[in-house]
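The primary structure of each chain is shown beneath.
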Amino acid sequence: MFDFKTLEKVRERRPLVHNITNIVVANDSANGLLAIGASPIMASAKEEMAELGKMADVLVINIGTLDDELVEAMKIAGRAANSAGTPVVLDPVGVGATSYRRQIVSELLAEIQFTAIRGNAGELATIAGEVWEAKGVDAGVGSIDTLTIAEKVATTWNTTVVISGAVDVISDGRRYAKVANGSELLPRITGSGCLLSAICSSFIAVEKDVFQACVEACASYAVASEYAEMELPSKLPGSFRPLFIDALASWSVSKIQAKVKIQESGERK
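Predicted, not measured: the structure shown is a model, and the values here were computed from it. (Residues numbered from 1 in each chain as written. Predicted model: local features only at pLDDT ≥ 70, side-chain atom pairs only at ≥ 80, totals over all residues. Heavy atoms only, no water.)

Novice: Explain the sheet that holds strand 4 (residues 88–91) here, please?
Specialist: Strands sit in the order 2-1-3-4-5-6-7-8-9 across an open sheet of nine strands; the sheet is mixed. Looking along the sheet, the strands with just one partner apiece sit at the ends: strand 2 (39–42) and strand 9 (262–267). Along the sheet, successive strands turn relative to each other by an average axial angle of 15°, direction set aside. Bridge count between strand 4 and strand 5 (residues 116–119): two bridges; the pairing is parallel. Bridge pairing in strand 5 places V89 opposite A116. (Pairing = 2+ DSSP bridges. Helix = DSSP H or I, 4+ residues; strand = E, 2+ residues; numbered from the N terminus. Axes fitted to C-alpha atoms, helices over the stretch in contact; angles between N-to-C directions.)

Novice: I would appreciate a short explanation of the pattern of salt bridges in the present structure.
Specialist: Once the charged atoms of two side chains with opposite charge are near each other, the side chains can pair. Here the structure, examined in full by the defined rule, presents 14 salt bridges. Here E130 ties to K152 by a salt bridge, and the two come within 3.0 Å at their closest N and O atoms. Of this pair, E130 sits in the loop between helix 6 (121–128) and helix 7 (146–157) while K152 sits in helix 7, placing them 22 residues apart in sequence. Exposure remark for E130: the relative accessible area of 27% places this residue in the partly exposed category. (Salt bridge = Lys/Arg side-chain N within 4 Å of Asp/Glu carboxyl O. Buried < 20%, exposed > 50% of the residue type's maximum accessible area, 1.4 Å probe, protein only.)

Novice: Before we go on, may I ask you to explain unusual backbone geometry in this structure?
Specialist: Note: most residues except glycine have negative phi, and most peptide bonds are trans. Residues other than glycine seldom take positive phi values, yet F4 does so here, at roughly 60°. Following the sequence through the fold, F4 ends up in the segment before helix 1 (6–13). For F4, a relative accessible area of 3% puts it in the buried group. The residue N158 is not glycine, and still its phi comes out positive at about 50°.

Novice: Help me understand the UniProt feature "binding site: ATP" (unreviewed entry) in the chain, please; the structure alone is not making it clear to me.
Specialist: Here the UniProt-annotated "binding site: ATP" (unreviewed entry) positions come out as R118 and S164. In summary, the annotated positions, though distributed over 47 residues, converge in three dimensions, the widest C-alpha pair being only 7.4 Å. Those residues in contact with R118 that lie beyond four places of it in its chain are L90, D91, P92, L124, V162, S164, G193, C194, L196 and S197. A polar contact of 2.9 Å, which involves the side chain of R118, links it to the side chain of D91. With respect to the helices and strands, S164 occurs in the loop between strand 6 (160–163) and strand 7 (168–171). Exposure remark for S164: the relative accessible area of 17% places this residue in the buried category. Contact partners of S164, with chain neighbours within four places excluded, come to R118, G119, N120, A121 and L196. Side-chain polar atoms of S164 contact the side chain of R118, separated by 2.6 Å. (UniProt positions renumbered as here; feature names shortened; annotations may be inferred. Contact = heavy atoms within 4.5 Å. Polar contact = N/O pair within 3.5 Å; in protein donor to acceptor, adjacent residues only side chain to side chain.)

Below you can see the structure in the form of structure tokens.
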């Protein structure tokens, strides 16, 4: 089912990825998208959101550093993208941390149809209304399994869900997959999850099957991180970051297929 040809489509088509993202990760997200062959635009002025919402091939809404003006821009862009049939991806960074973040995500979900939602277990558990212990933007811990969370959010919001972690879980409410790749250094660099959201978005922009796009994006991203770690003389996050960007730039179908670990996939009965 997964032939990992979507990454080649990204290079061929160079999708325009509009990122309304946070100040912490904008540079790395732009560089990561450039590395894989996509074309990033980092814009958040509300005056240009309606136009960009129709121009871009995909829109990423990342709530990492919120304010009211940015939220207004997100809503304008999201509605414009929905009207134009442009995919929209939500990254609900730290949604469980404060009541303001929970309120904003609730409003975004009510006003915008999201093609996919990518976050960690704590963030998706909050959206699912499940009890979860997390601090800030950390994944935290809970008593419910991540596949159940992913399926609940996917079904409730008619979307595809990616829960990233030691094992990535992807579900569209009917199909599911678990990807067991990834360097242990990914959580030690800022914005690795935010960049994954952007990478998933670029795959979605060129592949109609959103579930397949997300699985291939997660697997390709995680395997690239493993290749980057192999080049390190010592496991230090500062050295890992540029090698990871290089690994994204040099990934290939053969490299992904050589190391990918789809732990489990199928349809829920």
